[in-house]
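Structural features, examined
What follows is each chain in one-letter form.
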Amino acid sequence: MSKNGVKNAIYGLVLIIAMYGMYKYRESKKEASTESADLTVLTSFGGPTMGSTYSIKYISSPGKAASYQVQVDSILEKFNEALSTYRTDSEISKFNNGHAVAFRLPFFYPVLKKSQEVYLASGGAFDPTVGPLVNAWGFGTGKERKAPSQARIDSLKNFVGFDKITFDEQSVQKQKEGVYIDFNAIAPGYAADILGSFLEGKGIKDYMIEVGGEVLCKGKNQEGKYWSIGINNPQYEQKGGDVLQAIVQLNNKALATSGNYRNYYEQDGKKYAHTIDPKTGYPVQHSLLSLTVFAKDCITADAYATVFMVIGREKAIEFLNKDEELDAFFVYADDQGKLQTYTTDGIKPSIENIR
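An account of the accompanying structure is given in this report. The structure displayed is predicted, hence computed values, not measured ones.

**A closer look at the sheet that holds strand 3 (residues 100–102)**
- Spatially, three strands are ordered 3-5-4 in an open sheet, and the strand pairing comes out antiparallel. On the outer flanks of this sheet lie strand 3 and strand 4 (165–167), each paired with one strand and no other. The mean angle between the axes of side-by-side strands here comes to 10°, regardless of whether they run parallel or antiparallel.
- Sitting on the sheet, helix 4 (residues 108–121) is in contact with strand 3, strand 4 and strand 5 (171–174), with an inclination near 125° to strand 4.

**Examining the pairing of strand 9 (residues 244–250)**
- Here six bridges tie strand 8 (residues 227–232) to strand 9, and the two strands are oriented antiparallel to one another. Each bridged residue has a counterpart across the sheet, and for Ser228 the counterpart in strand 9 is Gln249.
- Strand direction decides the pairing type here: strand 9 and strand 16 (residues 351–353), joined by three bridges, are antiparallel. Looking across to strand 16, one finds that Val248 is bridged to Ile351.

**A short note on helix 7 (residues 187–201)**
- With 15 residues, helix 7 ought to run about 21 Å at 1.5 Å a step, and its terminal C-alpha atoms sit 21 Å apart, in line with that.
- Across the 15 residues of helix 7, twelve count as buried, placing the element largely inside the fold.
- Within helix 7 the residues assigned to the buried category are Ala187, Pro188, Gly189, Tyr190, Ala191, Ala192, Asp193, Ile194, Leu195, Gly196, Phe198 and Leu199.
- Buried residues belonging to helix 7 abut strand 2 (52–60), helix 2 (69–83), helix 4, strand 6 (206–211), strand 7 (214–218) and helix 9 (298–311).

**A few points about the pairing of strand 13 (residues 288–295)**
- In terms of residue burial, strand 13 counts as a mostly covered element, since eight of its eight residues are buried.
- Bridge count between strand 13 and strand 14 (residues 327–333): six bridges; the pairing is antiparallel. In the sheet register, Thr292 faces strand 14, and the bridge partner there is Phe329.

**Observations regarding the packing of helix 9 against helix 10 (residues 313–321)**
- Closest axis-to-axis distance for the helix 9/helix 10 pair is 6 Å, and the angle between their directions is 130°. Between helix 9 and helix 10, the crossing angle belongs to the class labelled oblique. Judged by the twist between their axes, the crossing of helix 9 over helix 10 is right-handed. Note on element contacts: helix 10 touches helix 9 through Arg313, Lys315, Ala316, Phe319 and Leu320, opposite Tyr304, Phe308 and Ile311.
- Partitioning the contact of helix 9 with helix 10 into residue classes produces six nonpolar, no polar and two charged.

**Structural notes on the sheet that holds strand 7**
- Read from one edge to the other, the open sheet built from eight strands follows the order 1-2-6-7-10-13-14-15, with strand pairing classed as antiparallel. On the outer flanks of this sheet lie strand 1 (41–49) and strand 15 (339–343), each paired with one strand and no other. When strand polarity is set aside, the average angle formed by the axes of neighbouring strands in this sheet is 10°.
- When strand 7 meets strand 10 (residues 254–259), the two strands line up antiparallel, connected through two bridges. Paired with Val215 across the two strands is Leu255, which belongs to strand 10.

**Overview of the nonpolar core**
- Leu112 and Phe183 are the most contacted members of the largest nonpolar core, which totals 69 residues.
- Setting aside residues up to four positions removed in sequence, Phe183 forms contacts with Leu83, Ile92, Phe108, Val111, Leu112, Ser115, Pro128 and Pro188.
- Within the second largest apolar cluster, 18 residues are counted, among which are Val248, Leu289, Phe329 and Ile351.

**Quick look at the packing of aromatic side chains**
- A complete count under the given rule lists 19 aromatic pairs for this structure.
- With centroids separated by 5.7 Å and ring planes inclined at 90°, the aromatic side chains of Tyr68 and Phe198 adopt a geometry described as edge-to-face. Separated by 130 residues along the polypeptide, Tyr68 in the loop between strand 2 and helix 2 and Phe198 in helix 7 bring together distant segments of the chain. Assigned by exposure class, Tyr68 and Phe198 land together as buried.
- Judged by centre distance (6.2 Å) and plane angle (70°), the ring pair of Phe162 and Phe167 falls under edge-to-face. You'll find Phe162 and Phe167 in the same group, each marked buried.
- Within the aromatic cluster, the residues linked to one another by ring pairs are Phe45, Tyr54, Tyr58, Tyr68 and Phe198.
- Positioned over the ring face of Phe95 is Lys174, at 5.2 Å from the centre of the ring.
- One Lys or Arg, Arg313, reaches over the ring of Tyr332 and ends 3.7 Å from the middle of that ring.

**A closer look at the pattern of salt bridges**
- Inspection of every chain in the model, using the stated rule, returns seven salt bridges.
- The residue Arg87 makes a salt bridge to Asp89 at a minimum N-O spacing of 3.1 Å.
- Its relative accessible area of 40% is what places Asp89 among the partly exposed residues.
- For Lys348, the salt bridge is made with Asp345, and the minimal N-O distance between the two is 3.4 Å.

**Quick look at the side chain of Arg313**
- On the secondary structure map, Arg313 appears in helix 10.
- Under the relative-accessibility criterion, Arg313 is labelled buried at 18%.
- Setting aside anything within four residues of it in sequence, one finds Arg313 in contact with Leu288, Phe330 and Tyr332.

Conventions used here
Residues numbered from 1 in each chain as written. Predicted model: local features only at pLDDT ≥ 70, side-chain atom pairs only at ≥ 80, totals over all residues. Heavy atoms only, no water. Pairing = 2+ DSSP bridges. Helix = DSSP H or I, 4+ residues; strand = E, 2+ residues; numbered from the N terminus. Axes fitted to C-alpha atoms, helices over the stretch in contact; angles between N-to-C directions. Contact = heavy atoms within 4.5 Å. Expected span 1.5 Å × (residues − 1). Buried < 20%, exposed > 50% of the residue type's maximum accessible area, 1.4 Å probe, protein only. Parallel < 35°, antiparallel > 145°, perpendicular 65-115°, else oblique. Left-handed = near helix turned anticlockwise from the far one by under 90°. Nonpolar A, V, L, I, M, F, W, Y, C, P; charged D, E, K, R; others polar. Core = buried A, V, L, I, M, F, W, Y, C linked by side-chain atoms within 4.5 Å. Phe/Tyr/Trp six-rings, centres within 6.5 Å; stacked < 30°, edge-to-face > 60°. Lys NZ or Arg CZ within 6 Å of the ring centre and 35° of its normal. Salt bridge = Lys/Arg side-chain N within 4 Å of Asp/Glu carboxyl O.

Take a look at the structure:
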């Protein structure tokens, strides 16, 4: 055999050995990856709560895998004992039907404190005492969906205003009889935070919690990726098309979506949506169909989703430009009625608009 033939044979042998080595390396990586996936367990469960539903998913190791649904349901039951306006024996119902209430459970005070913070920051756009007006328009505990008279609106506005209550860590009191509190615009988000704290107390770091459509995500899913959350297309139910408007990868964040495209009614050719402006006493009228707010915790996202629906897209964007802690995704109709979106810079890398 010539020298060149020997060299070629040697090179060929070396190449075969190298290729075999690379094959074994890749196979070992696949096995390691599969083994890693096998070492985690996805637990998921859900159920009814707050007139809606909740769902939870979390990742744990096989030795520590457990379903905490019984404990979660117990927490949510206690939560409703404090904040459900549909329960006559709840703390909030006792307050609404009386003058004051002393807190037995640890949920009422934190929601009051956060509500006060957002009420002041939003110039009153977020106001849990708007309840009498919500009921009058037929979107709360009121059964009749009919536009109230101007005289009734003016009368009920006398009972609206977060400054008409006082509270501390032990109790809450009315400064004006007839004041009524409703935490529907903040309670689901707070419940998600409470459940997140519970899971973390059990050593769970990777989870997705959804309560009434508000979502809190920490860590990653079983594929080692950030949790993917869909944002609904607000025109799907009326016009069809894609169910989802966008998909977002939540990196240790919470989101809350508010919209006027489902809960509304029409009277005398005019549409009335469920978001009530506490200052005017009327349902908001603007082109914003839905918006999703992103924050570090779900109680904040939930509250500001309501704020931005009240003040509208332009003022909301002005607000967001001054607040580095919040981001938002807006879906609105332009002058021709065509669907448009706007995404703040902080969440752009994580969101994919699929329409």
